[in-house]
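So the chains spell out like this:
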Amino acid sequence: MALKMIVAEDEQSFREGILTLVDWKLYGIEIAGEAENGRQALEMIMNDPPDLLLTDIRMPHLNGLDLIREAKAAGLEFRSVLLTGYNEFEYAKEAIKLGVSDYLLKPCMPHDIVRVILELKQKIEDSENEDKALSDLNRSWNRNIHLLKNQILSQWIQQPLMPLENRQSVLREVGMGLLPGPVQVGIIRIDSSNGPNAAASKRDLELIRYALLNITDETLQPLYGGNLEVFRYGGEMLWIGNYPDHMTHDAVEGAMKKLQLNLEAYLKLSISISISSAQRSVDTAHIGYQEAIEAMEARFYQGRGGIFFYAGQGKPQAAKSSILEDPFLQRIEKELLIALQNEQYELAVDAIEASMSHIRNNSGYSKAEVHLRSTSLILELQKFARERKVASIEWQDSFVNWIEQIPNMETLDDCSVVLQKIVQSIVEAVSNQKSLHRTVSATIELIKQRYNTNLTLELAAKETFVSNSYLSSLFKQELGVNFLDYLHQYRVERSKELLRQSYKIYAVSKLVGYQEERHFSSTFKKWTGLTPRQYQKNYNAE
């Protein structure tokens, strides 16, 4: 690295000796100027600041010490070496005050000057390397501080305070936006079946989560008086905020609704939120996290897009007996299988609705228990289908394995749709082996011809010369599904063909009769368990 040096010396012969007797370029030194007096040297320094200044003390117009003093007063930074024939203490003392790096007594040999200048050059390079390392460290710290905070907060929500652990000091050390005192923990869960982002790529999903965290932080800062940390734990988005004394339930709920609106507006996301009670401090953050998890369980019964507060002792108590031993469900499921055997399809669908209604009204059952009961019923339905030699029903689709999907069902409505879809698939397969009522057959033909238009029950009833209610009832009786659900399922089947041909999602939506891509995506997810993008991605991966 070449450094620029100015030489200021009023003795011409000595100055020329410094410049001509040493090959400064060989040592990485560029002579940026030579001056015969202090004023001339100051002008050079002001016009083109050097890295090094080699100057005599005694010069006309402006001596070496005043030269350095005025240049430093102008805010210029450089290293300086003094040449002097006066070995007097006051000069050394003043030079120290001015930060002079070294000095040489005249007369001196060229190699002495080279030695001092090269030592100074090495110090400059070492200092620049240290500055660069510090700058890199600062950049790395700024880039990774949020990862460190994320790691610390993730640990705190998992485990209680350890012996000798001082979380308050950690808050200060890493610069967290939390203070000692009560805190509240919240969880944000993206409603996966809602919106076009449900099947985003891994990179896009990371960007969505990053934006979600930023919007959450900005939206909730006023609620917690600026004392807030938003972070990730696995696939979940969380926050911890200081709980002000004046906090009210209405204020929290209002802020959460605003957050939902902001995420819908900016990211097209629907979210569910669960919130803990006030905890003593970050020392008990793990309790707040468990409360928020427990509050989120209400989402299974109440559906997506809710705001769920921890209910404490007022929450529903767990059912005393296992869901597998529930006598009502046992009786209803027997009635379901008997109805299917007797081809009483309307009764079969009613049985599904009755069982789901019973579970909803006895919401002490956990999500895991409902998943277990649903899986048990699917196995019974599979057994029934094998005995009746029913082929080509949905669980045999390589892209949708309902038993594998059950653990991922986020709400009771999801489970209900799965079971209804399987029953309807069995009914449809059986119905293909027999003659249908001529009105139903005519309506099915109408659907095949006009599924991609704005076809309604009213229009279909008018075309087949029957009433709306009669047509709907007849469909359910013959096929185990009402007109509208049959239409949606037919559209979904047609859309699968287009998705396998790599059509764009919005184009498929229009081609099968949906004006809005979001409506199409939610309907497709309802009847297949996958979003259109997930289905398309799975097919392309085969």
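Residues numbered from 1 in each chain as written. Predicted model: local features only at pLDDT ≥ 70, side-chain atom pairs only at ≥ 80, totals over all residues. Heavy atoms only, no water.

**What to know about the pattern of salt bridges**
Summed over the entire model, instances satisfying the criterion amount to 22 salt bridges. The residue Lys4 makes a salt bridge to Asp48 at a minimum N-O spacing of 2.7 Å. Here Lys4, found in strand E1 (residues 3-8), pairs with Asp48, found in the loop between helix H2 (38-47) and strand E3 (52-56); they are 44 residues apart in sequence, far enough to count as distant. Residue Lys4 is classed as partly exposed on the basis of its relative accessible area of 23%. Between Asp413 and Arg360 there is a salt bridge, with the nearest N and O atoms lying 2.8 Å from each other. Remark: Arg360 occurs in helix H12 (residues 345-361) and Asp413 occurs in helix H15 (residues 412-431); sequence separation between them is 53 residues. Asp413 sits in the partly exposed class, given a relative accessible area of 42%. Exposure remark for Arg360: the relative accessible area of 34% places this residue in the partly exposed category. (Salt bridge = Lys/Arg side-chain N within 4 Å of Asp/Glu carboxyl O. Helix = DSSP H or I, 4+ residues; strand = E, 2+ residues; numbered from the N terminus. Buried < 20%, exposed > 50% of the residue type's maximum accessible area, 1.4 Å probe, protein only.)

**Concerning unusual backbone geometry**
A positive phi angle, close to 70°, is found at Leu164, a residue other than glycine. Positive phi outside glycine occurs at Phe465, with the angle close to 65°. Take Phe465: it is sitting in the loop between helix H17 (457-464) and helix H18 (468-479).

**Observations concerning the environment of Asn482**
Mapped onto the elements of the fold, Asn482 is located in the loop between H18 and helix H19 (483-500). Judged by its relative accessible area of 28%, Asn482 falls in the partly exposed class.

**Some points on the packing of helix H11 (residues 327-341) against H12**
Between H11 and H12, whose axes approach to 8 Å, the crossing angle comes to 165°. Considering the angle they form, H11 stands roughly antiparallel to H12. Regarding H11 and H12, the two cross each other, and that crossing is left-handed. Contacts from Phe328, Leu329, Ile332, Leu336, Ala339 and Leu340 in H11 reach Tyr345, Leu347, Ala348, Ala351, Ile352, Ala354, Ser355, His358 and Ile359 in H12. Residues that form the contact of H11 with H12 fall into these classes: 13 nonpolar, 2 polar and no charged. (Axes fitted to C-alpha atoms, helices over the stretch in contact; angles between N-to-C directions. Parallel < 35°, antiparallel > 145°, perpendicular 65-115°, else oblique. Left-handed = near helix turned anticlockwise from the far one by under 90°. Contact = heavy atoms within 4.5 Å. Nonpolar A, V, L, I, M, F, W, Y, C, P; charged D, E, K, R; others polar.)

**Examining the pairing of strand E4 (residues 79-84)**
Of all 6 residues in E4, 5 are buried; the element is thus mostly enclosed. Bridge count between E3 and E4: 5 bridges; the pairing is parallel. Bridge pairing in E4 places Thr55 opposite Leu82. (Pairing = 2+ DSSP bridges.)

**Topic: the packing of aromatic side chains**
If you walk through the whole model with that rule in mind, you get 8 aromatic pairs. For the pair Tyr451 and Tyr490, a centre-to-centre distance of 5.4 Å together with 65° between the ring planes defines the contact as edge-to-face. Of this pair, Tyr451 sits in the loop between helix H16 (438-450) and H17 while Tyr490 sits in helix H19, placing them 39 residues apart in sequence. Residue classification places Tyr451 among the buried residues on the basis of a relative accessible area of 16%. Accessibility expressed as a relative area gives 14% for Tyr490, which makes it buried. When the ring of Phe524 is compared with that of Tyr535, the centres are 5.6 Å apart and the planes differ by 75°; the resulting orientation is edge-to-face. Of this pair, Phe524 sits in helix H21 (residues 517-528) while Tyr535 is found in helix H22 (residues 532-541), placing the two residues 11 residues apart along the sequence. Each member of the pair, Phe524 as well as Tyr535, carries the same accessibility label: buried. Directly above the ring of Phe78 sits Lys72, whose terminal nitrogen or CZ lies 5.3 Å from the centroid. (Phe/Tyr/Trp six-rings, centres within 6.5 Å; stacked < 30°, edge-to-face > 60°. Lys NZ or Arg CZ within 6 Å of the ring centre and 35° of its normal.)

**Things to note about a negative patch on the surface**
Taken together, the side chains of Asp126, Glu128, Glu130 and Asp131 define an acidic patch exposed on the protein surface. Checked against the element boundaries, Glu128 lands in helix H5 (residues 110-158). (Patch = residues over 30% accessible without salt bridge, like charges linked within 9 Å, V, L, I, M, F, W, Y side chains within 5 Å. Areas by Shrake-Rupley, 256 points an atom, 1.4 Å probe, with all protein chains shown as cover. Lys, Arg positive; Asp, Glu negative; His and termini not counted. Charge placed at Lys NZ, Arg CZ, Asp CG, Glu CD.)

**Brief notes about the side chain of Glu333**
Its location among the elements puts Glu333 in helix H11. In this structure Glu333 comes out as buried when scored by relative accessible area, which is 13%. Each residue touching Glu333, except ones within four places of it in the same chain, is listed here: Arg373 and Leu377.

**A short note on the sheet that holds strand E6 (residues 183-190)**
Taken in spatial order, the 5 strands make up an open sheet running E7-E8-E6-E9-E10, and their pairing is mixed. Either end of the sheet is taken by a strand with one partner, and the two such strands are strand E7 (228-233) and strand E10 (307-309). Each strand axis lies, on average, 20° off the axis of its neighbour in the sheet, ignoring direction. In terms of strand pairing, strand E9 (residues 271-275) meets E10 through 3 bridges, oriented parallel. Bridging from a neighbouring strand, Ile273 pairs with Ile307 of E10. On the sheet, helix H8 (residues 249-267) packs against E6, strand E8 (236-242), E9 and E10 and is oriented at approximately 155° with respect to E9.

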